Amino acid sequence: MPLMRRLDPETAHDLALRGLRAGFGGFDRTPDDPILAVQAFGRTLRNPIGLAAGFDKNAVAVNALGRLGFGFVEAGTVTPRPQAGNPRPRLFRLPEDKAVINRMGFNNGGIDAYLANLRGIDRGLVALGANVGINKEGADPERDYPALVSAVSPFADYVTVNISSPNTPGLRDLQGEARLSGILSAIVTDKPIFVKIAPDLAPEGLEAVIGVCLARKVSGLIVSNTTIARPDTLRGAARTEAGGLSGAPLLAPSTAMLAQAYRLAGKKLMLIGVGGIFTAEDALAKILAGASLVQVYTGFAYQGPPMIPKLKTGLAQLLRARGFPHIQDAVGAGA
């Protein structure tokens, strides 16, 4: 990991994916503690820790990532047509803040290449989420999202509708009540649908999104995507770069939004908490706020594969120390 951090961030990321595919990531063979088992997506997950979308955009390393010990992996975001994304550089480390800023812009190989990769995934090894989005140009959200969901559904355990990346112009406007309702009403699938939202939504916006999701029988929310906010506490030299901020500075605001979503929706929606998780204590904070599952990204990018067994062991210990007989009993206990 220290050697990787000497490289340009995007180059390091690409090498990491190649290394995983080549088998250099290792294999977590330690049985997961039964206290961590979760019922989700119509199956039993061995633990609640997932990898967030964006790390494996084209689903090229899902099997290798599953062998690291994740309970589930979300691949994407995939768009109908291939696109290069925004000009480089577009990924920036803020190590002093344990954070990252990205303005990737949904760079991916398109749905055809994505589907070809999904066909080779061992879903007995790890549960798979497919994250779908729209192209920067020529997009018709009410057409494209349903078509993408239909295409990926046979190969995924759940599908995430990404309407919250700050790096595709106009995408976050789709979080409005009318547009979101139109998109969701056009989706036909037997797989669970999740909607990924921005941490910058106003309280009334969050309430509206939850209302639409409940009305359209959505399974859950992913809270949250990256933020366009820039806390005054940031110290990294790249803090003024445009794009979405992720990592430790996102922990508090995304967890607060998660708790608000749980208070509004209760157990009518399954919540997946993402944003700023580096330790087992961070993961437990998400669960207490209402998350049934959690996802990591920036913490994983900084710490590498050893992060996952440490999270699982630490989370099991914390649950027992708090007197919870099972992880399900902790969900929302602090919301």
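Use the structure listed above.
Let me sum up the structure you'll find in this document. (Residues numbered from 1 in each chain as written. Predicted model: local features only at pLDDT ≥ 70, side-chain atom pairs only at ≥ 80, totals over all residues. Heavy atoms only, no water.)

Brief notes about unusual backbone geometry
Part 1 of the argument: Across the junction of Gly76 and Thr77, the peptide omega takes the value 15°, indicating a cis bond.
Part 2 of the argument: Structurally, the position occupied by Thr77 is in strand 4 (residues 72-78).
Part 3 of the argument: The omega torsion of the bond from Arg88 to Pro89 falls at 0°, within 30 degrees of zero and hence cis.
Part 4 of the argument: Assignment of secondary structure puts Pro89 in the loop between strand 4 and strand 5 (91-94).
Part 5 of the argument: Despite not being glycine, Phe41 has its phi angle at roughly 60°, a positive value. (Helix = DSSP H or I, 4+ residues; strand = E, 2+ residues; numbered from the N terminus.)

Focus on the packing of aromatic side chains
Here a ring pair, both rings aromatic, is described through the centre-centre distance and the interplanar angle of the planes.
Part 1 of the argument: Per the stated rule, a full pass over the model turns up nine aromatic pairs.
Part 2 of the argument: Note on Phe70 and Phe300: the rings are 5.4 Å apart at their centroids and 75° apart in plane angle, and the pair reads as edge-to-face. Here Phe300 lies in helix 9 (residues 298-303) and Phe70 lies in the loop between helix 2 (62-66) and strand 4, a separation of 230 residues in the sequence.
Part 3 of the argument: The exposure class of Phe300 is buried, given its relative accessible area of 4%. (Phe/Tyr/Trp six-rings, centres within 6.5 Å; stacked < 30°, edge-to-face > 60°. Buried < 20%, exposed > 50% of the residue type's maximum accessible area, 1.4 Å probe, protein only.)

Digging into the environment of Arg46
Part 1 of the argument: On the secondary structure map, Arg46 appears in the loop between strand 2 (43-45) and strand 3 (49-51).
Part 2 of the argument: Arg46 sits in the partly exposed class, given a relative accessible area of 31%.
Part 3 of the argument: Between the C-alpha atom of Arg46 and that of Pro31, which follows or precedes it by 15 residues, the distance is 8.8 Å.
Part 4 of the argument: Excluding anything up to four places from it in sequence, Arg46 contacts Asp32, Asp33, Leu36, Ala37, Gly66, Gly69 and Phe70.
Part 5 of the argument: Side-chain polar atoms of Arg46 contact the backbone oxygen of Gly66, separated by 3.1 Å. (Contact = heavy atoms within 4.5 Å. Polar contact = N/O pair within 3.5 Å; in protein donor to acceptor, adjacent residues only side chain to side chain.)

Topic: the pairing of strand 11 (residues 244-247)
Two faces make up the sheet, and in a regular strand the side chains alternate between them.
Part 1 of the argument: Residues of strand 11 alternate between two faces, with Gly244 and Ser246 on one and Leu245 and Gly247 on the opposite face, all of them buried.
Part 2 of the argument: Note that strand 6 (residues 99-102) and strand 11 share four bridges and pair antiparallel. In the sheet register, Asn102 faces strand 11, and the bridge partner there is Gly244. (Pairing = 2+ DSSP bridges.)

Remarks on the sheet that holds strand 9 (residues 193-197)
Part 1 of the argument: The eight strands are arranged 3-4-7-8-9-10-12-13 in a closed barrel whose pairing can be described as parallel. Here the strands of the sheet are splayed against their neighbours by 25° on average, with no regard to which way each runs.
Part 2 of the argument: In terms of strand pairing, strand 3 meets strand 13 (residues 293-296) through three bridges, oriented parallel. Bridging across to strand 13, Leu51 finds its partner in Val296. (Axes fitted to C-alpha atoms, helices over the stretch in contact; angles between N-to-C directions.)

Brief notes about the pairing of strand 5
Part 1 of the argument: Bridge count between strand 5 and strand 6: four bridges; the pairing is antiparallel. Across the sheet, the residue bridging to Arg93 is Val100, located in strand 6.
Part 2 of the argument: Count of turn residues in the strand 5/strand 6 antiparallel hairpin: four residues, of which Lys98 carries a positive phi of about 50°.

A look at the packing of helix 8 (residues 280-289) against helix 10 (residues 307-321)
Part 1 of the argument: Their axes nearest at 8 Å, the elements helix 8 and helix 10 cross at an angle of 60°. One finds that helix 8 runs oblique with respect to helix 10. Judged by the twist between their axes, the crossing of helix 8 over helix 10 is right-handed. Here helix 8 contributes Ala280, Glu281, Leu284 and Ile287 to the contact with helix 10, which in turn contributes Leu311, Gly314, Leu315, Leu318 and Leu319.
Part 2 of the argument: When the residues that make up the contact of helix 8 with helix 10 are grouped by side-chain class, the tally is seven nonpolar, one polar and one charged. (Parallel < 35°, antiparallel > 145°, perpendicular 65-115°, else oblique. Left-handed = near helix turned anticlockwise from the far one by under 90°. Nonpolar A, V, L, I, M, F, W, Y, C, P; charged D, E, K, R; others polar.)

Honestly, that's just the spatial picture; any functional story needs more than this.
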